[in-house]
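Residues per chain, in single letters:
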Amino acid sequence: MNSLRRHLCSVQRFSCRVHHIALLRTAWTCPNRTSSTGHAQDKSMVYVHQTGFTKPGLVPSLTPFGMKLMTYLRMVDIPYQYSKTFKLGPKGKIPWITYKGQPMGDSGLIMEFLNEEFGVDLDSQLSDKERAISRAFIKMLEENTYWGIGYDRWQENYSHLGQLFDVPSALQLFIFPTASRKVRQMLHAQGLGRHSTQEIHAIIQKDVWAASEFLGNKPYFMGEEPTAADPTVFGLFAEFLWTTPEHSHLYKLTNEQYPNIKDYCLRMKEQYWPDWDEVVGTKR
Amino acid sequence: VYYHAPPPVKAIPCLTPFGMKLETYLRMADIPYEPMYGRSMGPKGKIPWIEYNGEAMGDSGFIMEFLNREKGVDLNQTLSDADKAVGRAFTKMVEENTYWYEGYQLQYCKLHVDNFDQLQDLFELPWAVMFFLRSVRGKIRQTMWGHGLGRHSKDEQEGIIEKDLRAISSFLGTKPYLMGDEPTEVDAAVFGQLSELCWANHDSYLHRIVTVDCPNLQAYCSRIKDRYWSDWDQLTKKTKKDQ
C-alpha cells in the first residue's frame, strides 16, 4: 500500500491544475445562486446541500455533520429536501442549507437557527446541568473524535476510499491524494495528527469508551427521551459502523468493543431512518 | 521530572493552558518536579513537555497518563466510571473547543494596534517577538480555518465559547470542584483553560463571562489557585522584567 501511496503522490505533481480548479471551487461559495438542481425553490422548505458523492448502499451522508443535521430535521419533523451540489457552503463546509433563499453553514449554528425559527427544543426536558453534560459530550465528539474519522479514512485506510466515494477512477487519482494531504494538514493543525497511529487509536478509544460508558443501557444518549445530543452521537458513530472497513480500528470499537453503541445506532436508524435503504440505495 | 515550559510572566505562571494544566496536575498529585523554563519545543512540537529518566515526552494528556502509571497516581479513583466519562467529555470540550479561543484572540483582538501595549505588558514580549507574532497571524488564521472554528465570525466564535463556559458553570454549580468535593483530573484541565481567561485576559468579553456572569467560575479558579499555587505571586513577580 505504501508504494501505491507513493505512486499516487507522485501524480500530485500533475494534479496542480486540478488543485487550482478545486481552489476555484472552494471560492465558489454562492451567496445568491439557486441550487444546482435548478428547480424553483420553495421558500419555506429547508434545502440540505451535500456533494452527493456517496456510493450507493452505505450511508445517507459521508460526513457525520450531514448525518447529524438530517437526523435532527427528522427528529423535530422539519421537512427538508436533499439537494446535490458541488458548491461548498458559506463557511466552506458541508452540509449547508438554504432556507427562505438564505444560505447557512455549520450544522450547530443551523440547528440553533432552526430551533428558533420553528420553535423547537430537543433539550427542553433537560436540567441545566444535563444540558451542560450534553454539550460537553457533543463537543468532545465533534472536535476530537471526529478527527479520528479524518485520520482513519484519509490516512490509515486510504485504500478504502474508492469504496466510499462515487468518483470515476481517473478522477480519483487526482482528487484523493490532494484531499488526503489537505486532511493531513488539518489534522496537524488540530493536533491529533502529531501523534503516532497507536497514540491516535488510544485517544479515540478513550472517547468512545466515555460515550459508551455514559450511554450505558439508556434508550437515548441522555436518558429516556431523545435530545439534541442524539443527532451528534448517532451521526458520528454511523460513520464508524457503516463506512469503515472491517479491519479498521473504528469498526472494531463500535462493532466489537462497545456493542451498546452499535445497538443504539441501530435503534436510531430504525426510528428516524425507516427509509434508509431507499435513501442510500438510489443514485441521486 | 524535568518540566519544560515557557517562563512565568507578570500575568500568569504559564502562558499556555496546557502548561497550567500539567503543572497543576503535578502539584495535585504531589509529584516533585523541576521547572526548566525556556522556549524550546518538545518532541511533538508542542509545549509543555517533560524529561523523565532521560526520555523526552510531549502532550500533556499522554504525560499525565504516563506519570499516573509510573508513580501509581490516580486522581480519579473516587469517581464512578460514568463520572470519569463525563470528566473526559469536559476535558475534551475545553481542550478542543474552548482552547481555540486563544487562536481567535491572536487573530482578532490581541494583534490590533490598540491592544499591543496591553499584550506586551502582560506577556512581557520583546518588540522583536511582537513583530514576529504579527507576521505569524496569517498562519494562525490558516490553522483556525483548518480546525473549523476560524470560519466563524467573531461574534459566532464568542457565542460558541460563551456556551462552553456557561456549560462548565452550570455543571459546576455550587460544588467546590467539578466532580464533587475533591479535585480530579478534569479540574487540572479546566483550571488550565479558565486560569488564562481569569488572569491573562483582562479586557475581553469572555473575561466578563468568567468573572461577572458566572462568578462560580472565578471562585473555582481562585480556590484551586489558593490550594495549589500558593507561590503564584512569587512566581509571577520574579520575572525577567523585574530582574
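None of the values given here were measured: they were computed from a predicted structure.

This part is about the overall build of chain B. Scanning chain B from terminus to terminus reveals eleven helices and four strands. Here chain B holds 243 residues, and 58% of them are scored as buried. For chain B, the computed accessible surface area is about 10500 Å², with 51% contributed by carbon and sulfur atoms.

With that settled, consider the sheet that holds strand β1 (residues 46-50) of chain A. All names here are of chain A. Within the open sheet, the four strands sit side by side as β2-β1-β3-β4. Their pairing is mixed. Two strands in the sheet have a free side with no partner beyond their single neighbour: β2 (80-84) and β4 (102-105). Averaged over neighbouring strand pairs, the angle between their axes works out to 30° when direction is ignored. In the sheet, strand β3 (residues 96-99) pairs with β4 via four bridges, with the strands oriented antiparallel. Its bridge partner being in β4, I97 is matched across the sheet by M104. Contacting β1, β2 and β3, helix α3 (residues 64-75) crosses the sheet at an angle of about 160° to β1.

At the interface, 32 residues of chain A touch 35 residues of chain B. Counting the surface chain A buries against chain B, the share from its top three residues, K91, R135 and R194 of chain A, is 18%. Viewed at the interface, chain B and chain A are joined by six salt bridges. The salt bridge involving K163 of chain B is made with E112 of chain A; its shortest N-O contact spans 3.5 Å. The interface formed by chain A and chain B includes ten residue pairs in polar contact (both at pLDDT 80 or more). The biggest single contributor to the side of chain A that touches chain B is helix α5 (residues 128-156) of chain A, with twelve residues. The residue inventory of the side of chain A that touches chain B, partitioned by class, reads 13 nonpolar, five polar and 14 charged.

A separate point is helix α8 (residues 197-215) of chain A. In this model α8 of chain A runs 27 Å from its N-terminal to its C-terminal C-alpha over 19 residues, within 8% of the 27 Å that 1.5 Å per residue would give. Within α8 of chain A, the full set of buried residues consists of I200, H201, I203, I204, D207, V208, A210, A211, S212, F214 and L215 of chain A. Along its buried surface, α8 of chain A packs onto α5, α9 (229-242), α10 (249-257) and α11 (259-272) of chain A together with α2 (60-71) and α3 (81-96) of chain B. Backbone geometry just downstream of α8 of chain A places G216 of chain A in the positive-phi region, at approximately 55°.

A word on unusual backbone geometry. For residues that are not glycine, phi is negative in most cases, and the peptide bond is trans in most cases. Here the residue pair I94 of chain A and P95 of chain A is connected by a cis peptide bond, since its omega of 5° sits within 30 degrees of zero. Inspection of the secondary structure assignment puts P95 of chain A in the loop between β2 and β3. For the peptide bond that leads from I47 of chain B to P48 of chain B, omega is 5°, which places it in the cis range. Relative to the assigned elements, P48 of chain B resides in the loop between β2 (34-37) and β3 (49-52). The phi torsion at D77 of chain A lies on the positive side, around 60°, for a residue other than glycine. Here D77 of chain A is to be found in the loop between α3 and β2. In the Ramachandran plot, D106 of chain A falls in the positive-phi region, its phi being about 75° despite a non-glycine side chain.

Residue and element names in this part refer to chain B. Spatially, β2-β1-β3-β4 is the arrangement adopted by the four strands of the open sheet, whose pairing is mixed. The sheet is open, and its two edges are formed by β2 and β4 (55-58), each paired on a single side. Pairwise comparison of adjacent strand axes, ignoring direction, gives a mean angle of 25° for this sheet. With four bridges joining them, β3 and β4 adopt antiparallel strand pairing. Across the sheet, residue I50 finds its bridge partner in β4, namely M57. Sitting on the sheet, helix α1 (residues 17-28) is in contact with β1 (2-5), β2 and β3, with an inclination near 160° to β1.

Glancing now at the UniProt feature "domain: Metaxin glutathione S-transferase" (unreviewed entry) in chain A. Taking the numbering used here, the UniProt-annotated feature "domain: Metaxin glutathione S-transferase" (unreviewed entry) corresponds to residues 205-268 of chain A. Along residues 205-268 of chain A, the helical share is 69% and the strand share 0%, with 22 Å between the first and last C-alpha atoms.

Residue placement: N157 of chain A occurs in the loop between α5 and α6 (161-164). Not counting the four nearest positions on each side in its chain, N157 of chain A is found in contact with D152, P245, H247 and S248 of chain A.

In this section: the packing of α8 of chain A against α3 of chain B. Working note: a packed helix pair is described by the angle between its axes plus the distance between those axes. Put simply, α8 of chain A and α3 of chain B touch, their axes get as near as 8 Å, and they point 130° apart. Compared by their axis directions, α8 of chain A and α3 of chain B come out oblique. The interaxial crossing formed by α8 of chain A with α3 of chain B has left-handed handedness. In contact with I203, K206, D207, W209, A210, E213 and F214 of chain A of α8 of chain A, α3 of chain B contributes D81, A82, K84, A85, V86, R88 and K92 of chain B. Its residues assigned to classes, the contact of α8 of chain A with α3 of chain B comprises seven nonpolar, no polar and seven charged.

With that out of the way, let us pick up the pattern of salt bridges. Close approach of charged atoms allows side chains with opposite charge to pair. Scanning the model with the defined rule gives 22 salt bridges over all chains in all. The partner of E239 of chain A in a salt bridge is R153 of chain A, with the nearest N and O atoms 2.9 Å apart. With a gap of 86 residues between them, E239 of chain A in helix α9 and R153 of chain A in helix α5 connect regions that are remote in the sequence. On the basis of relative accessibility, which here comes to 1%, the residue E239 of chain A falls in the buried class. The residue R227 of chain B makes a salt bridge to E182 of chain B at a minimum N-O spacing of 3.6 Å. With R227 of chain B in helix α10 (residues 215-228) and E182 of chain B in the loop between α7 (154-172) and α8 (185-199), this pair connects stretches of sequence that are 45 residues apart. Classification of R227 of chain B as partly exposed rests on a relative accessible area of 42%. Taken together, the shared-partner salt bridges connect K21, K92, E95 and E96 of chain B into one network.

Right, let's get into the packing of aromatic side chains. The relation between two aromatic rings is expressed through the spacing of the ring centres and the mutual angle of the planes. Residues and elements named next belong to chain B. In the structure shown here, the tally under the stated rule is 22 aromatic pairs over all chains. The interplanar angle of 65° and the centroid separation of 4.9 Å between the aromatic rings of F18 and Y99 together place this pair among those described as edge-to-face. Placement of F18 in helix α1 and of Y99 in the loop between α3 and α4 (101-109) is noted, with a sequence separation of 81 residues between them. Three or more aromatic residues link up through ring pairs in this structure, and these residues are F191, W199, W229 and W232. Of note, K175 hangs over the ring of F171, and the distance from its end group to the ring centre comes to 4.4 Å.

About the cut-offs
- Residues numbered from 1 in each chain as written.
- Chains lettered and ligands numbered in written order.
- Predicted model: local features only at pLDDT ≥ 70, side-chain atom pairs only at ≥ 80, totals over all residues.
- Heavy atoms only, no water.
- Helix = DSSP H or I, 4+ residues; strand = E, 2+ residues; numbered from the N terminus.
- Buried < 20%, exposed > 50% of the residue type's maximum accessible area, 1.4 Å probe, protein only.
- Areas by Shrake-Rupley, 256 points an atom, 1.4 Å probe, with all protein chains shown as cover.
- Pairing = 2+ DSSP bridges.
- Axes fitted to C-alpha atoms, helices over the stretch in contact; angles between N-to-C directions.
- Contact = heavy atoms within 4.5 Å.
- Buried area = accessible area lost by both parts, 1.4 Å probe.
- Salt bridge = Lys/Arg side-chain N within 4 Å of Asp/Glu carboxyl O.
- Polar contact = N/O pair within 3.5 Å; in protein donor to acceptor, adjacent residues only side chain to side chain.
- Nonpolar A, V, L, I, M, F, W, Y, C, P; charged D, E, K, R; others polar.
- Expected span 1.5 Å × (residues − 1).
- UniProt positions renumbered as here; feature names shortened; annotations may be inferred.
- Parallel < 35°, antiparallel > 145°, perpendicular 65-115°, else oblique.
- Left-handed = near helix turned anticlockwise from the far one by under 90°.
- Phe/Tyr/Trp six-rings, centres within 6.5 Å; stacked < 30°, edge-to-face > 60°.
- Lys NZ or Arg CZ within 6 Å of the ring centre and 35° of its normal.

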